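Structure assessment
The primary structure of each chain is shown beneath.
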Amino acid sequence: MVQVTVSIGSNIERDHHVDACLDALANTFGKLEISRVFESEPVGFEDGRNFYNLVAAFESDWSVGELQAWCKRLEFANGRSKGSPKFSPRTLDIDLLTVGERVGEHDGVALPRDEITHHAFVLKPLAELLPEVKHPESGETYAALWDGFEPGDQRLWAVDFTWAGRVISQAD
């Protein structure tokens, strides 16, 4: 078993799709560690609807290919279209960030995901959730990466969010 981290995002019926994603993750993989939920302005999107973003971590012995295929099936089950443009509104976006300490391409998936060090909406929740865990390539902790990150115009803020009857996020 290795620790897997995924980023979760939605800007269509955000509460519903984040709940559905967390339910599916918990039902499939068991115990989840979950970051706070952040609202963020879309990066690169013409549609101005804000996203909810968070990171979840869990243990799995699945291959990278099995994990990736499961994530894609979950996106489609939540209404994501196969042919949708890259920067279009999303019911659900779930991406593998890390699978253990794997580095490089595995089953067609580049690990760790490049977005970790490029987008505040990925790095901030990851740094809050797993501050002392080291990035598999750089060897820096996620907290140190966040401390040195220049978010530029990537604004995000914590929001109130309840899942499965418990508060997982509160606004600052």
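Shown above is the structure to which this text applies.
Scope of this entry: the structure provided in the associated data block. Please read all numbers here as calculations on a predicted model, not as lab measurements.

**Regarding the environment of Ser63**
Mapped onto the secondary structure, Ser63 falls in the loop between β4 (51-60) and α2 (64-77). The class for Ser63 is partly exposed, based on a relative accessible area of 29%.

**Quick word on the pairing of strand β1 (residues 2-10)**
Most of β1 is tucked away, with seven of its nine residues classed as buried. Alignment of β1 against β4, held across nine bridges, turns out to be antiparallel. Note on β4: the bridge partner recorded for Val2 is Ser60.

**Some thoughts on helix α3 (residues 120-129)**
Most of α3 sits out of view: nine of its ten residues are buried. Within the span of α3, buried status applies to Ala120, Phe121, Val122, Leu123, Lys124, Pro125, Leu126, Ala127 and Leu129.

**Overview of the pairing of strand β5 (residues 93-99)**
Buried residues dominate β5, accounting for seven of its seven residues. Where β1 lies against β5, six bridges are found, and the strand directions are antiparallel. Note that in β5 the partner of Val4 across the bridge is Val99.

**Brief notes about the packing of aromatic side chains**
In this description, an aromatic ring pair is defined by two values, namely the gap between the centres and the angle between the planes. This model, assessed by the stated rule, comprises five aromatic pairs. Centre to centre, the rings of Phe29 and Trp70 are 5.2 Å apart; their planes meet at 75°, and the pair counts as edge-to-face. Of this pair, Phe29 sits in helix α1 (residues 14-29) while Trp70 sits in helix α2, and the two are 41 residues apart along the sequence. On the basis of relative accessible area, Phe29 is assigned to the buried category, the value being 12%. For Trp70, a relative accessible area of 10% corresponds to the buried category. Geometrically, the ring pair formed by Trp146 and Phe149 is stacked, given 5.5 Å between the ring centres and 20° between the ring planes. For Phe149, a relative accessible area of 14% gives the class buried. Clustering of aromatic rings is evident, with ring pairs tying together Phe29, Phe58, Trp62 and Trp70. The aromatic ring of Tyr52 is capped on one face by Arg14, whose charged end is 4.0 Å from the ring centroid.

**Quick look at the nonpolar core**
Val6, Ile8, Leu22, Leu25, Ile94 and Leu96 are the most contacted members of the largest nonpolar core, which totals 31 residues. With six residues, α1 is the single largest residue contributor to this core. In contact with Ile8, not counting residues within four places along its chain, are Cys21, Leu22, Leu25, Tyr52, Asn53, Leu54, Ala56, Leu92, Asp93 and Ile94. Grouped together as the second largest cluster of nonpolar side chains are 18 residues, Ile116, Ala127, Tyr142 and Leu145 included.

**A look at the side chain of Asn11**
Note on placement: Asn11 falls in the loop between β1 and α1. Residue Asn11 is classed as buried on the basis of its relative accessible area, which comes to 4%. Within the structure, the side chain of Asn11 is placed 2.6 Å from the backbone nitrogen of Arg90, a separation counted as a polar contact. Those residues in contact with Asn11 that sit more than four places away from it in its chain are Arg49, Asn50, Phe51, Pro89 and Arg90.

**Side note on the pattern of salt bridges**
By the definition in use, this model includes ten salt bridges. Between Glu128 and Arg36 there is a salt bridge, and its shortest N-O distance comes to 2.7 Å. Here the residue Glu128 occupies a position in helix α3, and Arg36 occupies one in the loop between β2 (33-34) and β3 (38-40), the gap between them amounting to 92 residues. According to the relative accessible area criterion, Glu128 is partly exposed, its value standing at 34%. When its relative accessible area of 21% is taken as the criterion, Arg36 is described as partly exposed. Ionic pairing is found between Arg113 and Asp95, a salt bridge with its closest N-O pair at 3.7 Å.

Reading guide: rules and limits
Each residue is numbered by its place in its chain's sequence as written, counting from 1. Confidence filtering applies because this is a predicted model: local features only for residues at pLDDT of at least 70, side-chain atom pairs given and counted only at 80 or more, and all residues used for totals across whole chains, interfaces and linings. Excluded from the side-chain calculation are hydrogens and water; included are all heavy atoms of the structure. Secondary structure follows DSSP: runs of H or I at least 4 residues long count as helices, runs of E at least 2 residues long count as strands, and numbering of each begins at the N terminus. Here the term buried applies to any residue with accessible area under 20% of the maximum for its type, exposed to any over 50%, and partly exposed to those in between, with areas from a 1.4 Å probe on protein chains only. Here the rule is simple: two strands pair whenever DSSP picks up at least two bridges between them. Classification of ring pairs uses Phe, Tyr and Trp, with its six-membered ring standing for Trp, and accepts pairs whose centres are within 6.5 Å; under 30 degrees between planes counts as stacked, over 60 as edge-to-face, and the remaining range as tilted. Charges are assigned to positions over rings by a cutoff of 6 Å between ring centre and Lys NZ or Arg CZ, combined with an angular limit of 35 degrees from the ring normal. Here, nonpolar core refers to any group of buried Ala, Val, Leu, Ile, Met, Phe, Trp, Tyr and Cys residues whose side-chain atoms link them within 4.5 Å. Between two residues, a contact is recorded if the distance between any of their heavy atoms is within 4.5 Å. Each polar contact in these results corresponds to two N or O atoms within 3.5 Å; when the atoms are within protein, one needs to be able to donate a hydrogen and the other to accept it, and residues that are neighboring in sequence are counted only if both atoms are side-chain atoms. Between Lys or Arg on one side and Asp or Glu on the other, a salt bridge is scored when a side-chain nitrogen of the former is within 4 Å of a carboxyl oxygen of the latter.

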